[in-house]
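Read off the chains here:
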There are 6 protein chains.
Amino acid sequence: MHPRLAELMRFLEEDLGYEDITTSSVLPEDVKALAEIVAKAQGVVAGVEEAKALLEHFNLRCRALKEDGEDINPGDVILEIEGSARAILMLERVVLNLLMRMSGIATATRRMVAIAQRYGVKIAGTRKTTPGFRYFEKRAIAIGGGDMHRFRLDDAVLIKDNHLVLVDIGEAIRRAKQVNFTKKVEVEVGSVEEAKVALEAGADIVMLDNLSVEEVEHVLTLVEQRGYQAIIEVSGGITPDNLESYAKLRPHVISTGYITTRAEWLDMSLRLRKR
Amino acid sequence: MHPRLAELMRFLEEDLGYEDITTSSVLPEDVKALAEIVAKAQGVVAGVEEAKALLEHFNLRCRALKEDGEDINPGDVILEIEGSARAILMLERVVLNLLMRMSGIATATRRMVAIAQRYGVKIAGTRKTTPGFRYFEKRAIAIGGGDMHRFRLDDAVLIKDNHLVLVDIGEAIRRAKQVNFTKKVEVEVGSVEEAKVALEAGADIVMLDNLSVEEVEHVLTLVEQRGYQAIIEVSGGITPDNLESYAKLRPHVISTGYITTRAEWLDMSLRLRKR
Amino acid sequence: MHPRLAELMRFLEEDLGYEDITTSSVLPEDVKALAEIVAKAQGVVAGVEEAKALLEHFNLRCRALKEDGEDINPGDVILEIEGSARAILMLERVVLNLLMRMSGIATATRRMVAIAQRYGVKIAGTRKTTPGFRYFEKRAIAIGGGDMHRFRLDDAVLIKDNHLVLVDIGEAIRRAKQVNFTKKVEVEVGSVEEAKVALEAGADIVMLDNLSVEEVEHVLTLVEQRGYQAIIEVSGGITPDNLESYAKLRPHVISTGYITTRAEWLDMSLRLRKR
Amino acid sequence: MHPRLAELMRFLEEDLGYEDITTSSVLPEDVKALAEIVAKAQGVVAGVEEAKALLEHFNLRCRALKEDGEDINPGDVILEIEGSARAILMLERVVLNLLMRMSGIATATRRMVAIAQRYGVKIAGTRKTTPGFRYFEKRAIAIGGGDMHRFRLDDAVLIKDNHLVLVDIGEAIRRAKQVNFTKKVEVEVGSVEEAKVALEAGADIVMLDNLSVEEVEHVLTLVEQRGYQAIIEVSGGITPDNLESYAKLRPHVISTGYITTRAEWLDMSLRLRKR
Amino acid sequence: MHPRLAELMRFLEEDLGYEDITTSSVLPEDVKALAEIVAKAQGVVAGVEEAKALLEHFNLRCRALKEDGEDINPGDVILEIEGSARAILMLERVVLNLLMRMSGIATATRRMVAIAQRYGVKIAGTRKTTPGFRYFEKRAIAIGGGDMHRFRLDDAVLIKDNHLVLVDIGEAIRRAKQVNFTKKVEVEVGSVEEAKVALEAGADIVMLDNLSVEEVEHVLTLVEQRGYQAIIEVSGGITPDNLESYAKLRPHVISTGYITTRAEWLDMSLRLRKR
Amino acid sequence: MHPRLAELMRFLEEDLGYEDITTSSVLPEDVKALAEIVAKAQGVVAGVEEAKALLEHFNLRCRALKEDGEDINPGDVILEIEGSARAILMLERVVLNLLMRMSGIATATRRMVAIAQRYGVKIAGTRKTTPGFRYFEKRAIAIGGGDMHRFRLDDAVLIKDNHLVLVDIGEAIRRAKQVNFTKKVEVEVGSVEEAKVALEAGADIVMLDNLSVEEVEHVLTLVEQRGYQAIIEVSGGITPDNLESYAKLRPHVISTGYITTRAEWLDMSLRLRKR
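The present account deals with the structure reproduced in this document. (Residues numbered from 1 in each chain as written. Chains lettered and ligands numbered in written order. Predicted model: local features only at pLDDT ≥ 70, side-chain atom pairs only at ≥ 80, totals over all residues. Heavy atoms only, no water.)

Attention shifts here to the sheet that holds strand E9 (residues 205–209) of chain A. Residues and elements named next belong to chain A. With respect to topology, six strands assemble into an open sheet ordered E6-E11-E10-E9-E8-E7, the strand pairing being parallel. Only two strands of the sheet have a single partner each, and these edge strands are strand E6 (122–124) and strand E7 (157–159). Averaged over neighbouring strand pairs, the angle between their axes works out to 25° when direction is ignored. Strand direction decides the pairing type here: E9 and strand E10 (residues 231–235), joined by five bridges, are parallel. For Val206, the partnering residue across the bridge sits in E10 and is Ile232. (Pairing = 2+ DSSP bridges. Helix = DSSP H or I, 4+ residues; strand = E, 2+ residues; numbered from the N terminus. Axes fitted to C-alpha atoms, helices over the stretch in contact; angles between N-to-C directions.)

At the interface, 66 residues of chain C touch 66 residues of chain D. For chain C, the biggest contributors to the area lost against chain D are Pro131, Leu153 and Leu166 of chain C; these three give 13% of the whole. At the surface where chain C touches chain D, the tally comes to six salt bridges. A salt bridge links Arg127 of chain C to Asp15 of chain D; the shortest N-O distance between them is 2.8 Å. A class-by-class count of the residues in the side of chain C that touches chain D yields 32 nonpolar, twelve polar and 22 charged. (Contact = heavy atoms within 4.5 Å. Buried area = accessible area lost by both parts, 1.4 Å probe. Salt bridge = Lys/Arg side-chain N within 4 Å of Asp/Glu carboxyl O. Nonpolar A, V, L, I, M, F, W, Y, C, P; charged D, E, K, R; others polar.)

With that out of the way, let us pick up the relation of the copies chain F and chain E. Rotating chain F by 180° and translating it 0.0 Å along the rotation axis places it on chain E, where the RMSD comes to 0.0 Å. Here the two chains are linked by the operation of a two-fold rotation axis. Identified as the residue of chain F closest to the rotation axis by C-alpha distance is Gly132 of chain F, at 2.7 Å. Both copies present the same face, since 100% of the interface residues in chain F are matched by interface residues at the equivalent positions in chain E. (Least-squares fit on C-alpha atoms with pLDDT ≥ 70 in both.)

Turning our eyes to something else, we now look at a negative patch on the surface. A grouping of Glu49, Glu56, Glu67 and Glu70 of chain A together with Glu29 and Asp30 of chain E is seen on the molecular surface, where their side chains present a negatively charged patch. Secondary-structure assignment places Glu70 of chain A in the loop between strand E3 (61–64) and strand E4 (71–72). For Glu70 of chain A, a relative accessible area of 31% corresponds to the partly exposed category. (Patch = residues over 30% accessible without salt bridge, like charges linked within 9 Å, V, L, I, M, F, W, Y side chains within 5 Å. Areas by Shrake-Rupley, 256 points an atom, 1.4 Å probe, with all protein chains shown as cover. Lys, Arg positive; Asp, Glu negative; His and termini not counted. Charge placed at Lys NZ, Arg CZ, Asp CG, Glu CD. Buried < 20%, exposed > 50% of the residue type's maximum accessible area, 1.4 Å probe, protein only.)

On to helix H3 (residues 48–57) of chain D, then. Residues and elements named next belong to chain D. With seven of its ten residues buried, H3 lies for the most part within the structure. What H3 keeps buried is the set Val48, Glu50, Ala51, Lys52, Ala53, Leu54 and Leu55. Packed against the buried residues of H3 are helix H1 (5–16), strand E3 (61–64), strand E5 (77–84), helix H4 (85–116) and helix H5 (134–143). Taken from the residues just after H3, Asn59 is the one with a positive phi, measuring 65°.

Next up, the structure:
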């Protein structure tokens, strides 16, 4: 039982409406078929659990040849499906959309992880996710080897530039540390000076937002010299192109919206055969 | 009243959880603020109606300086917002996600439309949309000047390759034409030969899937010579790079998943000021 | 798995509330029973798929002796059910309501279809359906041999008298044809003159609303003489009494609200036996 | 605030889908209009509260010229509406469906009430209602002057023939009286003999199901002679034709599915004018 | 199939959020375990059906050693569970919360029932229940041997002090008796005088609210002498301490919010073992 | 706009069903009234925001004389309400249930906070909350001055005894620290020995579960001597009676289920007056 089955069913309803009028007019009710979901590009597959949950809910037999997180290449069969042709065709698009979007994110994540982990640095996502689909995008990040970062506004404090327009940074951290002892307090800073204040005020995580390589280096040196316990997160405009220049500095984490806002879908198709 | 307000509220719940623990710990309840949503890239804005509906639902005053579909440039202010600082910060991310994803799609669409319309050709989307967010992605396509194509499996018949594995093309069209006289019957064909059969069988729309420029030209000539009434849709692997080569042939429509699966988000930010 | 199971469950909740206080106070938990759903009138059965989906969801064994669309006569057993007496009695009313309402519509539809098809004419429903129950009423129309017509406001354009108060008919058709190439454009006209304009403007479907037999004949002659491709739909006040006079003229389709707004429920009952 | 607004909005979603593609393509966004909902048949109006709630939710100004329960005649204006033409046209069908179905039931109810109340007898509905729409059908019964009877399986005990297959009538009543002291216990009986047992066992309500006029008379005499406190409800196959023959005997209540399963919709239309 | 499974799943979602990040990080996916739910206090168990429904929905095998309503003592095993360790740990808290809250109420109810039934008096609950959880609290009352009283505002009339501020008691009862013949009419009275009026006006149930023992005795004597058929319910500030003084007078029912607003949870724990 | 308004409306639906049949039968539609919600016990009020949101949604004017978190005494007026008598009476119970349950929890929390804060110690809740009502119970804890602790299984890691049956404590902490850098890692330990391992392994929070006063003292000494950064949380069987003995030792936090599982509702009533 997938705990998100109700949500997966809403995705189907979105795509289905009344019924698949093509399939129900064109095919008899009792035709059985075999189908394969085949990769058309290279990358990391994600969404296999979700695809299976939906297919099996309609009594289709599934065999996963690739599990979430495995590498795939063009031509690789990811899932074999067997059962009612009408059910397979009704589910085709929603299953492919899940797999292609999630695999696209997992693939983009894995590529950045591959660079960062050479330096022992983690890649993390952000809250820049498609509304209504965040759970699945965060899960794809995890499958790609990334850190999911905050799920919502309530699972960690993150004091940002817009907060600091209205309240002093030190005071903000002091207040935030009172709020809930099970939550970490993170602060986004825009300069080396702000970083110092945040570190001194005892933030659990300091996010260096849009700092230059030199500035980041400066902060990391400071952290090491003074023995601050804070986690240092680098963020702001990170792409595969500039990632290594920051990763080399060995901050704890590099977070990026790139893996959700600029990841392309990983292309796949469903091939059906008579049975 | 936005007819999708309940859905927009679910997007907020997804991002909010219990509450915005940062803002509620850091800011007093009664602080008022001004904010601007500012473009950081060039493109076409979309999602303004949705953003306003959500912001106004929380009693924030909004003024749209750019309406859905207008061109924007880096630095342009799209929306001015005034009211409770806590409410603005609680809604910031979900509003930006709506605007950035929708504007990204509108922008990608507009760029392809700009090329295609020189030849009097329409650009259309597909059903390759993010699960749970299709309405908003389709709306962004429309805002960008594209045709929304099918909303769901039930609003037009579309006989595809996988149907044709199980049933003969002529027979499929004949059956489909019986199903509902208010729905068009479209057929996806993979060769000139199949296109001929589909045209002869009276399909309302014939989609040429992954045909070469030469093959498309061949079919279009045929259509003209024999006076078929069918709409010719070209599809399969269309990108900004190869679009013009197909558009020049003047099919009625070119459809592409590119504008939803490969569109990058259009970057924006929210800037807050004390009031 | 019925794709509408969640909706069927809401129908049960509507009828159930907390619990079936009669059955749970009167019968022990472990009593098993057999039951039959028996027709008490003549007609066409519809709703069998939905009834089975709900009964089987509560682990009751079902055997359908009549499938959706079959003729039934008083005394005919439609479904045999076996299992927990409490479950059968809890579901009795909601299952009968589904079957009786849907069969009533299927029966009324079939009666009109029987007349119209002698002349090769289709019978279609309208959007005059009970709020919250449209899917099932449309399905009953299809089971009765009718055409479901539009499901919603978004799956075909239908320009009606109230639109034409505000916009010129030719202009309206021209605008509508731009909106979405996968949707047909239908126009409702109230006179022969309007019909001519609509045909000339290229409407896919022209609905003759409340035209006399003579007027309809006039329009059909015109269509034939001038070779218009449009589908001609006759509508407005069609009942079993005046149906044949219009059907004889052989329009493509006759649509009517009669089959949903004036169809009587087809009477049935559930008979229980000890096991 | 209508407490069922969320449900009314779901009815709109059912009819709307993505958007009213006709109106949004044919009319500019800012056109204002006036509209009237006009009766096309004689009867009792119901659903005005619901219609207003939905219309006003979309910022349309409404003036009810007829309130729920008033008599209407062909040509009577029920509601005047003013505001966005697009909003009026988007809501037209769902508002008419609510008003026409509810008014049809109220009208059928009122006609039976008119006969029964001459003898001081109440007319009541049953649970034979359209799934998903019961609240509104029950409300229409009340508006027509009828008694709503049970809302659900949990608000009164009703021991029926199928229960009595499995348990003795006296024992069933005894058990049911234990279950919840705030709920009445009703028993459906199929003969004078059963009626005697039910009366003796202390049922709060005895429903005489499908008894002849003579049998009903027999039971009522018995009730009077022996001073039973039970309410006597006559049911089973009651129509406007045979109603008076039973009403004359002056049972307390006559219940009938006729008013929900055989009531025709009361015809209305919406007439729009430019403003 | 538990008819409330959808609601039980919402309870899980409330506790789960994205996923059980502890268990999924700490345990491999395929670890199997055994678990026991063990009582840590003495009382009456309730919620076993609900716990099983949820556990079995996630493919865990369950064996109930104690059924709803059975006495339990510290150390008693209530449920044995076997299957995926991850699933057991994900469900642990929500299952314990259901069982502990429901058992607490059943236990408090049983203790009051034990006193009252010596005098042939029923104990009933009230509508003072936790919002969102009423069904389960009412069910726990029934499991503890109590009467569930009204489920909602619609299943029996209850005229209270605040109504009587605005309308005369006799008139209120007269109006209420017209409303729905399947519903009982109860009146809350605050004095012997009001009780007399209510009895004379024919209330089905008279609730003596906050009357002294002497006053209650006075009313009961009156009822007996004059042969009123009304049920007498004593209410207002009833606790285990003063219950017997009222029960001795043998009213029909004593209702109390104590069993929902002051019942402590019955402590339990889940013990896991490797398999 | 209360972000949880949809949930508050579900609470109303739970209490309302079809309608308030008492009020709608007994009172005319247009009666206006004033009402006061009055405390009948001493404590801390909570739920005022929620009560107002619901009342104002039905167009009732509200004036809060006590804000969330204020002390109240018997006789204190908390809210004044003005408007439709029917609306006030329809909402009475659900509003009182919200206020009484939430205030009960806030009151119990405040009492424990009053003791603990003398020693600079925080009081925190647990996940022992009523299913379906957690948000409101957690909010009541915050209003009472307590720490809300984890909202769900996903907002902090908490390794408990049942995890440690299956995996070694050091290994568990090591794995958990990999999972998400924005989440804290807490470990529940049952002995001084386990506490040492957890501290050494770098847990962010160590929960001492059911340790004696002496054992807790031992651990705290250790933490001080060795300079561990971990937060020490004392838990297990904490009541107002034994709280001070633990608080004196000055751990960082004491968490307790007492404030949700054993808090009594704070009694209130609504008093209505004619206007």
